[in-house]
Amino acid sequence: MTSVKKETIDYRRENGLCIECGEESRLNLTTCESCFERRKQRRKERREKDPEKYKRMQSENMSRHRKKYLELNICWRCGKNELSTGLLCTTCSDKKNKNQKALKENRLNQGLCKYCGKTKVTNPKSKSCHECFFKNMATQYLKSRDRWKELEEIFLKQNSMCPYTGIQLIAGVNASMDHIVARSTGGIECVSNLQWVYHGDDFDVNMMKRDFSESNFLKAIKVIYEHKYHENIHTMVDGKRS
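Attention here is on the structure that accompanies the text. Quick caveat: nothing in here was measured; it's all calculated off a predicted structure. (Residues numbered from 1 in each chain as written. Predicted model: local features only at pLDDT ≥ 70, side-chain atom pairs only at ≥ 80, totals over all residues. Heavy atoms only, no water.)

**What about unusual backbone geometry?**
Then comes step 1: Positive phi outside glycine occurs at N159, with the angle close to 55°.
Then comes step 2: In this structure, N159 sits in the loop between α6 (148-157) and β1 (175-179).
Then comes step 3: Looking at N159, the relative accessible area reads 57%, which means it is exposed.
Then comes step 4: Although it is not a glycine, S160 sits at a positive phi angle of roughly 55°. (Helix = DSSP H or I, 4+ residues; strand = E, 2+ residues; numbered from the N terminus. Buried < 20%, exposed > 50% of the residue type's maximum accessible area, 1.4 Å probe, protein only.)

**Re the pairing of strand β2 (residues 194-198)**
Then comes step 1: The element β2 is largely enclosed, with a buried count of five among its five residues.
Then comes step 2: Inspection of the sheet shows β1 paired to β2 by five bridges, in the antiparallel sense. Looking at the pairing, S176 lines up with V197 of β2. (Pairing = 2+ DSSP bridges.)

**Comments concerning the pattern of salt bridges**
Then comes step 1: On inspection of all chains with the given rule, the structure shows eight salt bridges.
Then comes step 2: A salt bridge links K157 to E153; the nearest nitrogen and oxygen atoms lie 3.6 Å apart. Placement of both K157 and E153 in helix α6 is noted, with a separation of four residues, approximately one turn of the helix.
Then comes step 3: Through salt bridges with shared partners, a single network forms among E20, R39 and R42. (Salt bridge = Lys/Arg side-chain N within 4 Å of Asp/Glu carboxyl O.)

**A short note on the packing of aromatic side chains**
Then comes step 1: Under the defined criterion, the tally for this structure stands at eight aromatic pairs.
Then comes step 2: Where F133 meets F134, the ring centres are 5.3 Å apart and the plane angle is 75°; that geometry is what we call edge-to-face. Of the two residues, F133 and F134, neither departs from the other in class, the shared state being buried.
Then comes step 3: Taken together, a centroid distance of 4.9 Å and an interplanar angle of 55° make the contact between Y198 and F203 tilted.
Then comes step 4: We classify F203 as partly exposed; its relative accessible area is 29%.
Then comes step 5: Put simply, the rings of F133, F134, F155 and W196 touch in pairs and so form one group of aromatic residues. (Phe/Tyr/Trp six-rings, centres within 6.5 Å; stacked < 30°, edge-to-face > 60°.)

See below:
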């Protein structure tokens, strides 16, 4: 493709012409049909020649594109409206959320993971595949989805079992991440301070433990159990006497 001067590109864009050849462009787009197809072919060739380089260039181009529009306080997706929150205007944000919701519902209806849409979900109580579950948790607790295998390793080291209840854990169904030492009491956000615990409809270990240290949590459970146990014994004895 021969290079086109910026002034020419701006003129063509303002007048609804293809920025590459100068012919009439498609509605609300910057290229005509033939130039668009040539672009697609060039991208395909670059992607097949060096997938990693192509992926890196795409990421860099997208970052520059977003940064440019962010500086102008304009939505990077439509390039027209002012930003409301994040990088999108209200219209584009609502449209994105609506499309994502519809996409996830469609995937679930097909029995697929609602995040990747590739893997079949075997457990009816789960909405994500094994890998996506750990990736989402890694994003939340380790600030990087690429570290998902570290959380999976903790899960396997525990033999998929809750350390407090002994209940068998199922990723994406009844497994919850817990800080061994709560962050509110000085616990750090690292792998060594994380463990998997039971989370179900009947009770939630993480919610019960909250800011307790492990020793105080177990002590509280013991006190409650002993009190209720003796209370029940007295109730049973009094019942027999009467």
